[in-house]
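Next come the chains, spelled out residue by residue.
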Amino acid sequence: MIKTTLRLAFVCVALFLVGISYGQEVQIELGPDEIGLNETFTIKVTLSNDKIKSYDQFPEIQGFQKQGISQSSSMNIINGQMSSSNSIIQYYKPSRKGQFTLGNFSIQINGESYSSPGKRITVTDATSSQNPGGNVFDPFAEFFGRPAEEPEFIELDDDAFFSVSVDKEEVFAGEGFTVNIAFYMSEQNQAPFTWHEPGKQLDTILKKIKPTNAWEENFNITNIEPSVVDINGKKWNKYKVYEATFFPFSEGNIEIPRVPWEMIKYRVAKNPSFFGANRQEDFKTFFSTSKTIKVKPLPPHPLKNEVAVGIYQLRENISTLEAETGEGVNYNFGISGVGNINSIAAPKRLPGANLNTFDPNVRQQINRGYGRVSGIKEFNYFITLNEAGDYQLRDYFYWIYFDPIRAVYDTLRPEAKIIVSGESKINQALSGQRLGGIYDRIGTESNQFSNEQYKYYFTAAINLLLLGAVVLLAVLIIRKK
């Protein structure tokens with residue numbers, strides 16, 4: 001029994017060691033020591049028995065420019081054992097002749113770091129036979145009876161563009177305009193594209209285009225999803241990366257400059273092979289067009305610098321339309337519409353007897369979508385009425401705003417009317433109020449008349465002292481003369 005257990009353990013250990021021997025291996029191959037000015041230098045990373053799921057940026061080489069990345073894969077079956085390899089090749093084009101040094105570097109493959117000592121590279125005059133593809137080859141070319149040859153990559157014409165667009169080119173101060181940043185590809189586009197650091201590029205662009213004198217309502221796009229749009233009768237896939245509405249504080253011009261957007265564009269093999277590299281990574285930069293938004297001042301008005309700008313309606317709600325004197329009523333003055341909801345101030349309160357209110361509770365909801373900012377802001381009042389009668393709330397509340405579509409100032413007034421019945425509660429309301437000031441001392445001060453005779457003697461003494469001082473001053477002046 002013991003011998004059987006030991007044999008089983010030995011077999012398991014042997015299988016484990018064999019598994020390790022066929023595990024993941026990474027090999028970094030550097031290009032030749034000497035190349036011509038019209039040739040390319042390569043760094044090739046080969047991963048055995050596993051797929052390349054992620055990899056780090058390849059190092060920069062002084063005097064060289066990165067030309068793109070290609071990938072290849074191969075498979076071998078020897079004595080029934082299958083092995084595979086996957087390779088990534090980074091191409092470098094020399095910019096001038098001379099001697100250059102590729103220092104030691106590390107690169108992460110599938111989350112693990114692998115290092116290379118680097119080498120010294122000599123760039124000579126251009127050679128007669130250029131090798132544009134580097135060291136890329138088809139590993140199964142000879143197996144299928146044809147000579148190994150370098151793949152030739154070609155660039156396909158693309159049908160795409162990058163845009164920074166605005167929905168309005170002229171607005172009033174306080175009126176919103178929406179900015180869209182998107183990449184467009186037509187449905188007939190054949191050129192393969194991939195995103196290149198979209199978050200980093202977007203941060204750089206926003207630093208250039210965001211106006212400093214405007215309130216921003218960001219639509220918070222987290223995923224880049226395509227949507228089909230029609231432009232001049234042609235279908236396009238729109239990839240929106242940013243959308244926001246800006247509300248300028250003052251008049252003037254807002255300039256949005258021309259900005260770049262870089263995409264990874266692959267060049268494809270002219271004669272693709274089954275196992276070889278069929279596309280090569282390259283970059284293409286697209287540019288947007290500049291925009292100018294004219295911000296006009298609001299027309300003259302006493303509240304020009306205080307009113308909200310937008311398209312608004314009144315939504316009011318009241319707990320009851322009939323009440324007893326002294327009874328509390330909840331009244332909600334809601335302002336809904338399209339505009340800068342954050343800038344909506346409380347309605348104006350007209351003075352009036354017998355109707356009392358306190359500072360309102362405020363609630364707001366903002367919706368960002370369909371290229372606009374909308375929502376509602378509610379002011380909830382608690383009202384008490386101390387005298388019987390009919391109360392039209394339009395006589396006590398109003399809210400002024402500017403409508404940019406009609407270019408006029410408008411006023412929202414309530415339509416609710418409260419009918420109050422019962423005995424007058426005015427005296428009770430006064431007795432329940434704290435008058436403050438000297439009235440707070442009534443209960444503690446004495447109600448006895450004070451003796452004011454001492455005031456007469458005090459005044460006479462002061463007058464005598466003043467008279468003596470005048471006489472003394474006159475005597476001193478006469479003696480001096």
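K.L.:
An account of the overall build of the protein is requested, with residue identities and associated values reported.
P.N.:
Within the protein one finds four helices and 32 strands. For the protein, with 481 residues in total, the buried portion stands at 36%. Nonlocal contacts in the protein, meaning residues at least 24 apart in sequence, comprise 72% of its contacts between residues at least 6 apart. Carbon and sulfur atoms provide 52% of the accessible area of the protein, an area that totals close to 29,800 Å².

K.L.:
A description of unusual backbone geometry should follow, citing residues and the corresponding values.
P.N.:
You will see that Y370, though not glycine, has its phi angle at about 55 degrees, which is positive. In this fold, Y370 is placed in the loop between β27 (361-369) and β28 (372-385). Given a relative accessible area of 88%, Y370 falls into the exposed group. At A407, a position not held by glycine, the phi torsion is positive, near 60 degrees.

K.L.:
Any chance you could break down the pairing of strand β19 (residues 260-269) for me, citing the residues and the numbers?
P.N.:
Pairing of strand β10 (residues 153-154) with β19 involves two bridges; the strand directions are antiparallel. The residue bridging F153 from the neighbouring strand is A269, located in β19. Two strands pair when backbone bridges link them, and strand β14 (residues 193-195) and β19 are joined in this way by three bridges, in the antiparallel orientation. Of the residues in β19, the one forming a bridge with W195 is M263. One ladder, built from nine bridges, connects β19 with strand β20 (residues 279-287); its direction is antiparallel. Within β20, the position partnered with I264 by the bridge is F283.

K.L.:
Mind laying out the pattern of salt bridges, listing which residues take part and the relevant values?
P.N.:
One pass over the full model with this rule turns up 15 salt bridges. Residue E175 is joined to K168 by a salt bridge in which the shortest nitrogen-to-oxygen separation is 3.1 Å. The buried category is assigned to E175, whose relative accessible area is 9%. When the shortest N-O distance is used, the salt bridge between R368 and E217 registers 2.7 Å. A residue pair is termed long-range when its members are at least 10 positions apart, and R368 in strand β27 and E217 in strand β15 (residues 214-218) qualify at 151 residues.

K.L.:
Requested: an account of a nonpolar patch on the surface, with residues and values cited.
P.N.:
On the surface, F458, I462, L465 and L466 cluster together into a nonpolar patch covering about 450 Å² of accessible area. Mapped onto the secondary structure, L465 falls in helix α4 (residues 454-480). In this structure L465 comes out as exposed when scored by relative accessible area, which is 63%.

K.L.:
If you had to explain helix α2 (residues 198-209) to someone new, which residues and values would you point to?
P.N.:
The end-to-end C-alpha distance of α2, which contains twelve residues, comes to 16 Å, matching closely the 16 Å that a straight helix rising 1.5 Å per residue would cover. The complete set of buried residues in α2 reads Q201, L202, I205, L206 and I209. Across the axial projection of α2, the buried residues extend over an arc of 135 degrees, all falling on one side. In this structure, α2 carries K200 and K207 as exposed residues pointing more than 90 degrees from its buried face. Where α2 is buried, its residues contact β11 (160-166), β13 (177-186), β17 (234-248), β18 (252-256) and β19.

K.L.:
Account for the side chain of K238, naming residues and giving values.
P.N.:
Note on placement: K238 falls in strand β17. Although buried, K238 forms no salt bridge, and the nearest oppositely charged side chain, E243, lies 6.5 Å from it. Setting aside residues no more than four positions away along its own chain, K238 makes contact with N180, A182, F183, Y184, E225, P226, S227 and V229.

K.L.:
Help me get a handle on the packing of aromatic side chains, residues and values and all.
P.N.:
In the structure shown here, the tally under the stated rule is 21 aromatic pairs. Taken together, a centroid distance of 6.4 Å and an interplanar angle of 55 degrees make the contact between F41 and Y92 tilted. A residue pair is termed long-range when its members are at least 10 positions apart, and F41 in strand β3 (residues 41-48) and Y92 in strand β5 (residues 81-94) qualify at 51 residues. Residue F41 is classed as buried on the basis of its relative accessible area of 0%.

K.L.:
Report on the sheet that holds strand β6 (residues 98-102), specifying residues and quantitative values.
P.N.:
Judged by pairing direction, the sheet is mixed, and its three strands sit side by side in the order β2-β9-β6 without closing on themselves. Looking along the sheet, the strands with just one partner apiece sit at the ends: β2 (34-36) and β6. Strand-to-strand twist of the sheet, defined as the mean angle between neighbouring strand axes without regard to direction, takes the value 30 degrees. With five bridges joining them, β6 and strand β9 (residues 119-124) adopt antiparallel strand pairing. Paired with F100 across the bridge in β9 is I121.

K.L.:
Quick one: what's the story with the sheet that holds strand β29 (residues 389-392), residue by residue and with numbers?
P.N.:
A sheet is described by the order of its strands in space; here three strands give the open sequence β23-β32-β29, paired in mixed fashion. Edge positions in the open sheet fall to β23 (322-324) and β29, since each of these has one partner strand only. If you compare each strand with its neighbour and ignore which way they point, the axes differ by 30 degrees on average.

K.L.:
Report on the environment of L314, specifying residues and quantitative values.
P.N.:
Secondary-structure assignment places L314 in strand β22 (residues 308-318). For the pair L314 and G334, spaced 20 residues apart in sequence, the C-alpha to C-alpha distance is 5.8 Å. In contact with L314, not counting residues within four places along its chain, are F333, G334, L412, R413 and P414.

K.L.:
An account of the nonpolar core is needed here, citing residue identities and associated values.
P.N.:
Formed by 31 residues in total, the largest nonpolar core has its most connected members in F162, V179, I181 and I209. Secondary-structure elements contributing two or more residues to this core are β11, β13, α2, β17, β18, β19 and β21 (291-296). Beyond its immediate stretch of four places on either side in the chain, F162 contacts I181, A182, F183, I205, V259, P260, W261, F286, F287 and S288. Listed in part, the 29 residues of the second largest apolar core include F219, L355, Y381 and W399.

Rules and cut-offs
Residues numbered from 1 in each chain as written. Predicted model: local features only at pLDDT ≥ 70, side-chain atom pairs only at ≥ 80, totals over all residues. Heavy atoms only, no water. Helix = DSSP H or I, 4+ residues; strand = E, 2+ residues; numbered from the N terminus. Buried < 20%, exposed > 50% of the residue type's maximum accessible area, 1.4 Å probe, protein only. Contact = heavy atoms within 4.5 Å. Areas by Shrake-Rupley, 256 points an atom, 1.4 Å probe, with all protein chains shown as cover. Pairing = 2+ DSSP bridges. Salt bridge = Lys/Arg side-chain N within 4 Å of Asp/Glu carboxyl O. Patch = residues over 30% accessible without salt bridge, like charges linked within 9 Å, V, L, I, M, F, W, Y side chains within 5 Å. Expected span 1.5 Å × (residues − 1). Arc of directions from axis to C-beta. Lys, Arg positive; Asp, Glu negative; His and termini not counted. Phe/Tyr/Trp six-rings, centres within 6.5 Å; stacked < 30°, edge-to-face > 60°. Axes fitted to C-alpha atoms, helices over the stretch in contact; angles between N-to-C directions. Core = buried A, V, L, I, M, F, W, Y, C linked by side-chain atoms within 4.5 Å.

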